[in-house]
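Chain residues, written in single-letter form:
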Amino acid sequence: MPSHLFADRPAQPPEPASVDALISQTRRLRGDVDAVRRDTVVDDDDAQGRWQRALCDLAVHQLDDLRAHLGQLKEGLPPAPEPTGFPQPAPETVYEAQTRVGSAEWNLLTDEVTWSDELFQIFGRSPEAGALPLDELGSTLFSEDQPLLTAWVTACLVDGKPIDGEFRIVRADGRVRTLHMRGEPVLDSDGCAASMWAVLRDVSELRRSQRAVRESRDSLQRQREIAQTEHRLAVELQEAVLPPWRGSLRFPHHDAGALDVAAHYLPSASSALIGGDWYDALELPDGSSMLTVGDLTGHGVTATSGMAMMLGALRGMAMAGIEPGPLMGWLNQLLENSVQPALGSAVCCRYDPARQVLSWAQAGHPAPLLFRRGTGRCLTPPEGVLLGATPGASYGQAEERLEPGDLLVLHTDGLTPRSIEFSQADGIERLLALAPRLSVARSAQDCVRLVVEEFGEGEREDDACVLVARVGG
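Residues numbered from 1 in each chain as written. Predicted model: local features only at pLDDT ≥ 70, side-chain atom pairs only at ≥ 80, totals over all residues. Heavy atoms only, no water.

This brings us to the overall build of the protein chain. The helix and strand tally for the protein chain stands at 12 helices and 16 strands. Looking at the protein chain residue by residue over its 473 residues, the buried ones come to 43%. When contacts within the protein chain are restricted to residue pairs at least 6 apart in sequence, those whose partners lie at least 24 apart make up 65%. Of the roughly 24600 Å² that the protein chain leaves accessible, carbon and sulfur atoms contribute 54%. (Helix = DSSP H or I, 4+ residues; strand = E, 2+ residues; numbered from the N terminus. Buried < 20%, exposed > 50% of the residue type's maximum accessible area, 1.4 Å probe, protein only. Contact = heavy atoms within 4.5 Å. Areas by Shrake-Rupley, 256 points an atom, 1.4 Å probe, with all protein chains shown as cover.)

See below:
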């Protein structure tokens, strides 16, 4: 900060037209930022939205400061308000809000103290009360900030070091303000400090906005770390629960009519959305086979833990010989009594290779697709509502006789997502249109690959599972 005593000549005021242009630009920019701030919708749980809003608030405060400073640069110091004899009101006036910069000079030779009108406003003091001497200035500071100011002033007056720091004051009206002080000594002809000159800026709103930005940024970072941890746990839980086999399975191994089974999990476009989709195929003690796919509502650890519970119960009941229809009823009761309520859809099939009969039940789930000799159709679904939706619901069971070479496709509804342009029925039609290509595929794994190529390339909002079973001959 150049000393005004050693200036070669007075500073030339800027051209009013150039300052007007800067003020206009600042006003337009402030309006644009304010528009962005108004359009930022903030929910209680939206840490990123709070962070964006805090950044906008900080930018608005800084632009308000800039416009006020440019206005002072154009017009000079405002006239001192006429004393009214009335006490100052507690709420901050418009003049106080805009007057954030004041100056002071403490003459060490005459003990004269000169404060600008703005500095009186910043400290909440009336000009009649007089300016504070340098040794009394610290009485307005927070106790923990007083040693800082003492050290700065001592270094400035003794060693000639400039002051550049911040401290907090408590005004007479009880309001706490944060001030940024820049000052330096004014030297006499012998090089000794004759006075100290300083500019003090009220940065309370600026620091409050910066603090809000930091807090919202830290909150956003914590939420991201929590989300990453939950995502990792969900992935690990999903990998532990879903069948470990890859490629094709054949069972029963000793039967000529064995099923050739393959399945695939398709993640959503956002890898953070790990859902409760499952698939499974299991050889049962009586020589039959269990096939199932399903989906629980929700995402993350809650959905995958619920999926683990449902799939474990389904496997146990299937091994115990419970038929698909009653099995769905037990799953519904399990979901009703779970700690974390949810809804689920599922289809469960039991294939008897000796009779070549498929018994199956569904709970609000897309029906299996049967492909035979180059054509495909949806199986007619028996009665069944979503799991967890209706207490004591009963679930029907249907049977379908299969032939060697028949192909079954089970999938969750995320495979054929609905949108404005396409309904779920359109997705089913796309699956059925694959019949000619599926009929010439060499294995269930090749069939899964065809389905994934058809539905797995684009962006999907939800994850999905597909399971294919081909009847041997």
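Anyway, onward from the coordinates.
What follows is about the packing of helix α7 (residues 204-241) against helix α8 (residues 301-319). At a closest axis distance of 8 Å, the pairing of α7 and α8 adopts a crossing angle of 15 degrees. By the criterion of interaxial angle, the relationship of α7 to α8 is roughly parallel. Like other packed secondary-structure pairs, α7 and α8 cross with a definite hand, here left-handed. On the side of α7, the interface is formed by Glu230, Leu233, Ala234, Leu237, Gln238 and Val241, while α8 contributes Val301, Thr304, Ser305, Met307, Ala308, Leu311 and Arg315. (Axes fitted to C-alpha atoms, helices over the stretch in contact; angles between N-to-C directions. Parallel < 35°, antiparallel > 145°, perpendicular 65-115°, else oblique. Left-handed = near helix turned anticlockwise from the far one by under 90°.)

A few words on the nonpolar core. Ranked by internal contacts, the top residues of the largest apolar core, which has 50 residues, are Trp278, Leu291, Met328, Leu387 and Leu467. Ranked by residue count, the leading element in this core is α8, at 6 residues. With residues near it in sequence (within four places) discarded, Met328 still touches Ala346, Val347, Cys348, Ala361, Gln362, Ala363, Leu387 and Tyr395. (Core = buried A, V, L, I, M, F, W, Y, C linked by side-chain atoms within 4.5 Å.)

Let us now look at α8. Under the 1.5 Å per step criterion, the end-to-end length of α8 is 27 Å for 19 residues, consistent within 8% with the ideal 27 Å. The set of residues buried in α8 consists of Ala303, Thr304, Gly306, Met307, Met310, Leu311, Leu314, Met317 and Ala318. Burial along α8 is one-sided: seen end-on, the buried residues are contained in an arc of 155 degrees. Two residues or fewer after α8 comes Gly321, characterised by a positive phi angle close to 90 degrees. (Expected span 1.5 Å × (residues − 1). Arc of directions from axis to C-beta.)

Another aspect to go through is the sheet that holds strand β14 (residues 398-401). In space, the 5 strands of this open sheet follow the order β8-β9-β10-β11-β14, with antiparallel pairing throughout. Strands at the two margins of the open sheet, each flanked by one partner only, are β8 (278-283) and β14. Across the sheet, the mean angle separating the axes of adjacent strands is 15 degrees when strand polarity is ignored. Sheet topology places strand β10 (residues 344-352) next to strand β11 (residues 357-363); 7 bridges connect them, and they run antiparallel. Bridge pairing links Asp352 to Val357 in β11. Sheet contacts for α8: β8, β9 (289-296) and β10; angle to β8, the most-contacted strand, approximately 20 degrees. (Pairing = 2+ DSSP bridges.)

Turning to the pairing of β11, a few remarks are in order. Most of β11 is tucked away: 7 of the 7 residues are buried. Burial along β11 is two-sided: Val357, Ser359, Ala361 and Ala363 facing one way and Leu358, Trp360 and Gln362 facing the other are all buried. Between β10 and the antiparallel strand that follows it, β11, lie 4 residues; Gln356 among them carries a positive phi value of about 55 degrees. Sheet analysis places β11 next to β14, joined by 4 bridges and oriented antiparallel. The partner of Leu358 across the bridge, within β14, is Glu400.

Time to look at unusual backbone geometry. Positive phi outside glycine occurs at Gln356, with the angle close to 55 degrees. Note on placement: Gln356 falls in the loop between β10 and β11. The phi dihedral of Arg373 is positive, around 50 degrees, even though this residue is not glycine. If you trace the backbone, Arg373 turns up in the loop between β12 (369-372) and β13 (375-378).

A word on the confidence of the model for the protein chain. Predicted confidence across the protein chain gives a mean pLDDT of 83, with 82% of residues reaching 70 or more. Within the model, the stretch residues 1-12 combines pLDDT values under 50 with 14 contacts to residues more than four positions away or in other chains. The low-confidence segment residues 77-99, where pLDDT is below 50, has 25 contacts with residues more than four positions distant or belonging to other chains. (pLDDT = per-residue confidence, 0-100.)

Okay, the packing of α8 against helix α9 (residues 324-336) next. Running from N to C, α8 and α9 point in directions that differ by 145 degrees, and their axes come no closer than 10 Å. Between α8 and α9 lies a crossing whose hand is right-handed. Facing α8, whose interface residues are Met309, Met310, Ala313, Leu314, Met317 and Ala318, α9 presents Leu327, Trp330, Leu331, Leu334 and Leu335. The class makeup of the residues in the contact of α8 with α9 is 11 nonpolar, no polar and no charged. (Nonpolar A, V, L, I, M, F, W, Y, C, P; charged D, E, K, R; others polar.)

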